[in-house]
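# What the coordinates show
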Amino acid sequence: MSHRTRIKICGLTREADVDAAVAAGADALGFVFYAKSPRAVSVARAAALARRLPPFVTPVGLFVNAEPAEIAAACAAIPTLLLQFHGDEDRAACEAPGRPYLRAARMGPGFALLDFAQQFPSAQALLLDAHVEGYGGGGKVFDWSLIPASAPCPLVLSGGLNPANVIDGVERVRPWAVDVSSGVEVGKGVKDAVLMQAFCDAVRQADARPHEAAG
Ligand SMILES: O=C(O)c1ccccc1NCC(=O)[C@H](O)[C@H](O)COP(=O)(O)O
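Rules and cut-offs
Residues numbered from 1 in each chain as written. Predicted model: local features only at pLDDT ≥ 70, side-chain atom pairs only at ≥ 80, totals over all residues. Heavy atoms only, no water. UniProt positions renumbered as here; feature names shortened; annotations may be inferred. Near = heavy atom within 4 Å. Polar contact = N/O pair within 3.5 Å; in protein donor to acceptor, adjacent residues only side chain to side chain. Areas by Shrake-Rupley, 256 points an atom, 1.4 Å probe, with all protein chains shown as cover. Helix = DSSP H or I, 4+ residues; strand = E, 2+ residues; numbered from the N terminus. Nonpolar A, V, L, I, M, F, W, Y, C, P; charged D, E, K, R; others polar. Buried < 20%, exposed > 50% of the residue type's maximum accessible area, 1.4 Å probe, protein only. Salt bridge = Lys/Arg side-chain N within 4 Å of Asp/Glu carboxyl O. Pairing = 2+ DSSP bridges.

An unreviewed UniProt entry annotates the chain as N-(5'-phosphoribosyl)anthranilate isomerase originating from Aquariibacter albus. Regarding the chain, the UniProt comment filed under Catalytic activity (unreviewed entry) reads as follows: "N-(5-phospho-beta-D-ribosyl)anthranilate = 1-(2-carboxyphenylamino)-1-deoxy-D-ribulose 5-phosphate". As stated in UniProt under Pathway (unreviewed entry), the record for the chain gives "Amino-acid biosynthesis; L-tryptophan biosynthesis; L-tryptophan from chorismate: step 3/5."

Taken together, 25 residues form the shell around the ligand, and within it Ser37, Asp129, Gly137, Asp179 and Ser182 come nearest. In this structure, an oxygen atom belonging to the ligand sits 3.2 Å away from a side-chain N or O atom of Gln84. Within the backbone of Ser181, one N or O atom sits 2.9 Å away from an oxygen atom of the ligand. Contact with the protein chains removes 99% of the 520 Å² of surface that the ligand exposes when unbound. For the shell around the ligand, the secondary structure elements donating two or more residues are strand S1 (6-10) and strand S8 (177-180). Residues belonging to the shell around the ligand are distributed by class as follows: 7 nonpolar, 13 polar and 5 charged.

A word on the environment of Phe111. Looking at the element boundaries, Phe111 is found in the loop between strand S5 (101-107) and helix H5 (113-119). Overall, Phe111 belongs to the partly exposed group, its relative accessible area being 25%. Put simply, Phe111 and Ala35 are 76 residues apart on the chain and 27 Å apart in space, counted from C-alpha to C-alpha.

Side chains that differ in charge, positive against negative, can pair when their charged atoms come close. Under the definition given, this model contains 11 salt bridges. Among the salt bridges present, the one from Asp19 reaches Arg52, with a minimum N-O distance of 2.8 Å. Taken together, the residues span a long stretch of sequence, with Asp19 in helix H1 (residues 15-24) and Arg52 in the loop between helix H2 (43-50) and strand S3 (58-63) at a distance of 33 residues. Judged by its relative accessible area of 34%, Asp19 is partly exposed. Relative accessible area serves as the criterion here: at 40%, Arg52 is assigned to the partly exposed category. For the salt bridge of Arg204 with Asp207, the shortest nitrogen-to-oxygen distance reads 2.9 Å. Here Arg204 pairs with Asp207, and both are found in helix H7 (residues 193-208), just 3 residues apart, close to one helical turn. The exposure class of Arg204 is partly exposed, given its relative accessible area of 28%.

What follows is about the pairing of S5. Taking burial as the measure, the 7 residues of S5 include 7 buried ones, the bulk of the element. Side chains Tyr101, Arg103, Ala105 and Met107 project from S5 onto one buried face, and the interleaved Leu102, Ala104 and Arg106 project onto a second face that is buried too. As paired elements, strand S4 (residues 82-85) and S5 share 3 bridges and run parallel to each other. Opposite Phe85, over in S5, you have Arg103 as the bridge partner. The pairing of S5 with strand S6 (residues 125-130) spans 6 bridges and is parallel. Bridge assignment links Arg106 to a residue of S6, and that residue is Asp129.

Written as structure tokens, this is what we have:
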């Protein structure tokens, strides 16, 4: 039975983009709680955007070395928030809020993903992003051959994905999910409905193609 690759679109800042992302078929939407990011939103803004989400579309809160009080405020404002840690957080910091979480791995030459995975046995998934300056959202693809054939937990493929390369990414990596930000934007934090639809359609196309079992 073929797997339905889940789709996360990250860095939402506008109501119209939230609605268009849901209409395109996104399974999760990311809100960036990192002040240095051009896609940063306040907790109140993210809560208002998250209230637009229908059932079964997950709001994801993205943090980079945030204070526990910041994370707690976001969790209180968005009860269904899934956490994504994209900084230098250790296991204790990821587990402290008591919420399901994704841990981002910044992939680059020599990065030992299996060792990294062992440090976060409670992660719901590892989000594999390129090692870029500023922690993330850089629109850069990493070398997918760095990903081991079998991983101890679900993987979210991220980093420089767009409607043109995501089919290749799904077919080569067979991730649980894909994650995109820059590749569906017309400006930092400004998403494009046509690009988001094209991205989701491409993922469905990849899922529909016959494939050999990964690994
Ligand atoms: O999006 C940001 O601005 C950002 C800033 C700092 C840390 C992480 C950030 N985004 C994380 C994401 O989940 C992005 O989707 C991921 O980095 C991929 O981004 P892109 O390569 O632009 O698709």
